[in-house]
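This is what each chain is made of:
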Amino acid sequence: MATKEEILAGLAKAVIDGDVDTAKKWAQAAIDSNIDAFEALTKGCQQGMKVMGDRYSAGEAYIPEIMLSADAMYTTMDMLRPHLKAKAVAPGTIVMGVIEGDVHDIGKNIVKMMLEASSVNVVDLGRDVPIAAFVDKVKEVNANAIGMSSLMTTCMFKMKDVVDMLVEQGLKPKVKVMVGGAPISEEFAKSVGADGYAPDAAEAVKVFEKLMRGA
Ligand code: B12
């Protein structure tokens, strides 16, 4: 039986190689060895995606390879999802999506998985979501919060348009806004009028809980 370190390294490498079959094998090994599913995702698969991001930035990897890595990542996410363990947090409904112009949805989906594992009701609008669609959905499902994700510096400013629209329609401060994604920071979140920011999925659950408790 492989050690925990070997399994995490195996997951990372399978994502780097964009090798779906091997990714499945290591995800099953993680499940069989009772490795915490969130740890397998963040210390295994996500590390592999980080390596690919660095390689892409350095001009050593190209979009087709990144797409294969994303496929491998999604395969492991599907397998690990039912095994995620998390405590239930304050109840609430959050409308989530990746902002208009941006199709990077892996991070948003990890946050969604963790929120759902914590018994939060997530209404997922997917990726490349128009500004008004966030606000319309909040009204339709009477949501308590919006969670917006962006990985693109060219798109992240549109988060402010969503906040402005909520204000115009009298939905703020009742509806809380949470933002995230690699280029997003606490300062940026404040600058667009968001109520919360989290750098990763575990923290996102804590921030959601705080917002729901009105802290
Ligand atoms: C995978 C990837 C892709 C995949 C996306 C597949 C998919 N289904 O998502 C594909 C190949 C399709 C792709 C396409 C493109 N990409 Co790309 N991509 C990446 C890459 C390598 C990894 C992103 C990723 O999945 N990270 C792993 C996840 C788990 O991390 P995360 O998203 O940050 O999420 C975590 C946190 O941020 C947080 N979080 C995320 N969302 C939220 C939301 C809330 C509410 C909260 C609280 C927290 C939170 O929690 C998450 C879990 O811990 C990044 C490089 C990088 N360093 O980020 C480039 C990157 C984002 N891509 C980039 C670019 C330029 C593109 C393209 C324009 C390339 C092209 N020429 O076509 C297109 C964009 C198309 C578009 N319109 O969106 C640039 C963006 C540069 C910029 N200045 O904005 C990057 C940074 C690469 C680079 N160094 O240049 N890409």
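Residues numbered from 1 in each chain as written. Predicted model: local features only at pLDDT ≥ 70, side-chain atom pairs only at ≥ 80, totals over all residues. Heavy atoms only, no water.

**With respect to the side chain of Ser-149**
Stage number 1. Relative to the assigned elements, Ser-149 resides in strand E3 (residues 145-149).
Stage number 2. In this view, Ser-149 contacts Gly-97, Val-98, Ile-99, Lys-108, Met-159, Gly-180 and Gly-181; residues no more than four positions away in its chain are not counted. (Helix = DSSP H or I, 4+ residues; strand = E, 2+ residues; numbered from the N terminus. Contact = heavy atoms within 4.5 Å.)

**Examining the domain arrangement of the protein chain**
Stage number 1. Split by domain assignment, the protein chain resolves into domain 1 (4-83) and domain 2 (93-212).
Stage number 2. The C-alpha-based centres of domain 1 and domain 2 are spaced at 25 Å.
Stage number 3. Taken together, the 9 residues of domain 1 in the interface contact 8 residues of domain 2.
Stage number 4. Carbon and sulfur atoms supply 82% of the area that domain 1 and domain 2 bury against each other, a total of about 780 Å² over both sides. (Domains from an automatic or database assignment. Buried area = accessible area lost by both parts, 1.4 Å probe.)

**Looking at the environment of Cys-155**
Stage number 1. You can see Cys-155 is positioned in the loop between E3 and helix H7 (158-168).
Stage number 2. C-alpha of Cys-155 to C-alpha of Trp-26: the two residues are 129 residues apart in sequence and 35 Å apart in space.
Stage number 3. In this structure, Cys-155 is in contact with Ile-99, Glu-100, Gly-101, Asp-102 and Ser-150, ignoring residues within four places of it in sequence.

**A short note on the sheet that holds strand E5 (residues 196-197)**
Stage number 1. The strand order across the open sheet built from 5 strands is E2-E1-E3-E4-E5, with neighbouring strands paired in parallel fashion. At either margin of the open sheet sits one strand with a lone partner, and together these are strand E2 (121-124) and E5.
Stage number 2. This element, helix H5 (residues 106-117), spans strand E1 (93-98), E2 and E3 of the sheet and lies at about 165° to E1.
Stage number 3. Against the sheet, helix H6 (residues 131-141) touches E1, E2 and E3, its axis set at about 160° to E1. (Pairing = 2+ DSSP bridges. Axes fitted to C-alpha atoms, helices over the stretch in contact; angles between N-to-C directions.)

**Some remarks on the pairing of E2**
Stage number 1. Of the pairings in the sheet, the one linking E1 to E2 comprises 4 bridges and is parallel in character. Note on E2: the bridge partner recorded for Met-96 is Asp-124.
Stage number 2. Handedness of the crossover joining E1 and E2 through H5: right-handed. (Right-handed = clockwise from strand over helix to strand, strands pointing away.)

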